[in-house]
Amino acid sequence: MIDSIIEGIGVALRREFGEGYEICTEESEQGLKKSCFFIQCTRMSCVLFRGQKYFRENRFLIRYFPGSEGNKNQECYGIAERLSGCLEFIAAEGIMRGTNMEALLAEGILDYYVNYDCFIRKEEET
């Protein structure tokens, strides 16, 4: 499920920002280009809801590395606004709604957090 959510986030980013932005799912110290997104699931939890129904919380980080050298903060503010719109709904095993969106800007890099939570059913083996 996590992989399909990451794929859905990537599709939403590509649709909003186009081909001019690189989208990565594995962080590398040296290979990241400017104007790129890095997608990572930072927290997963699964809590019994009732019977065999579980509530799964999935917290994702979308990190943006700005391309401009001079106006990094201004560029990040604009990207954060656009992320709020394009990540509200994604296609991942159906349509999922992003919640608990939060943007943090530090040292010229934007960290954008969003949850894609869902209920799952675990079937017992007989």
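Note that the structure is a prediction, hence the values are computed from the model and not measured.

This part takes up the nonpolar core. One finds Ile9, Leu13, Phe60, Ile62, Leu83 and Leu87 to be the most contacted residues of the largest nonpolar core, which totals 28 residues. Contributing elements (two or more residues each) for this core: helix 1 (2-17), strand 2 (36-50), strand 3 (53-65), helix 2 (72-86), strand 7 (109-115) and strand 8 (118-121). Looking at this core, the element that brings in the most residues is helix 1, giving seven residues. In this view, Phe60 contacts Ile2, Ile5, Ile6, Ile9, Gln40, Cys41, Thr42, Tyr112, Tyr113, Val114 and Tyr116; residues no more than four positions away in its chain are not counted.

Here we come to the pairing of strand 3. For strand 2 and strand 3, the ladder comprises 13 bridges, and the chain directions are antiparallel. What sits directly across from Phe37, in strand 3, is Tyr64. In this structure, the hairpin formed by strand 2 and strand 3 is closed by a connection of two residues, where Gly51 is found at a positive phi of approximately 60°. Where strand 3 lies against strand 7, six bridges are found, and the strand directions are antiparallel. Bridging across to strand 7, Tyr64 finds its partner in Leu110.

Further remarks concern the pattern of salt bridges. Tallied over the full model, the rule gives six salt bridges. One salt bridge in this structure joins Arg82 and Glu16, with 3.0 Å as the shortest N-O distance. Of this pair, Arg82 sits in helix 2 while Glu16 sits in helix 1; the two residues are 66 residues apart in sequence, bridging distant segments of the chain. Judged by relative accessible area, which is 32%, Glu16 ranks as partly exposed. One salt bridge in this structure joins Arg59 and Glu102, with 3.1 Å as the shortest N-O distance. Taken together, the residues span a long stretch of sequence, with Arg59 in strand 3 and Glu102 in strand 6 (residues 99-106) at a distance of 43 residues. The class for Arg59 is buried, based on a relative accessible area of 10%.

Rules of the game
Residues numbered from 1 in each chain as written. Predicted model: local features only at pLDDT ≥ 70, side-chain atom pairs only at ≥ 80, totals over all residues. Heavy atoms only, no water. Core = buried A, V, L, I, M, F, W, Y, C linked by side-chain atoms within 4.5 Å. Buried < 20%, exposed > 50% of the residue type's maximum accessible area, 1.4 Å probe, protein only. Helix = DSSP H or I, 4+ residues; strand = E, 2+ residues; numbered from the N terminus. Contact = heavy atoms within 4.5 Å. Pairing = 2+ DSSP bridges. Salt bridge = Lys/Arg side-chain N within 4 Å of Asp/Glu carboxyl O.

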